[in-house]
Amino acid sequence: MRKDALEVMASLMAMAEIKEAQIKANPIPYLQKAYEELAAARECFEKIEYALSPDIIFDIADDSNIKPTNINAEAYIRCEKAKEVIREYMEGKK
């Protein structure tokens with residue numbers, strides 16, 4: 001069993017070294033992909049920041065008949081909106 005585990009570990013290490021060599025040989029595609037993922041994450045964080053800010057309550061109140069009656073209702077609405085943004089981001093990553 002130990003020999004099998006060592007063989008698997010050696011195989012994984014070899015695959016990691018091969019992937020690292022591929023990245024070092026031509027990093028542009030990997031950098032482009034990383035840039036796109038970071039840009040999407042930054043956009044998501046900006047949307048979350050807006051969703052958690054008090055400003056969203058005024059926009060929601062202007063767009064619909066929903067009027068929060070207390071601070072707990074406002075906090076609930078902001079958290080639900082932030083969760084919605086996170087769900088959209090995670091679905092886009094699949």
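Analysis parameters
- Residues numbered from 1 in each chain as written.
- Predicted model: local features only at pLDDT ≥ 70, side-chain atom pairs only at ≥ 80, totals over all residues.
- Heavy atoms only, no water.
- Salt bridge = Lys/Arg side-chain N within 4 Å of Asp/Glu carboxyl O.
- Helix = DSSP H or I, 4+ residues; strand = E, 2+ residues; numbered from the N terminus.
- Buried < 20%, exposed > 50% of the residue type's maximum accessible area, 1.4 Å probe, protein only.

**Student:** So what about the pattern of salt bridges? Which residues, and what values?
**Tutor:** According to the stated counting rule, one finds six salt bridges in the structure shown. Here Lys-47 makes a salt bridge to Glu-43, at a shortest N to O gap of 3.4 Å. Taken together, the positions of Lys-47 and Glu-43, both in helix H2 (residues 28-52) and four residues apart, correspond to about one turn of that helix. Judged by relative accessible area, which is 41%, Lys-47 ranks as partly exposed. Close ionic contact of Lys-83 with Glu-80 constitutes a salt bridge, the shortest N to O distance being 3.1 Å. Taken together, the residues Lys-83 and Glu-80, both in helix H4 (residues 71-93) and three residues apart, mark about one turn of the helix. Look at Lys-83 and you get partly exposed, because its relative accessible area is 41%.

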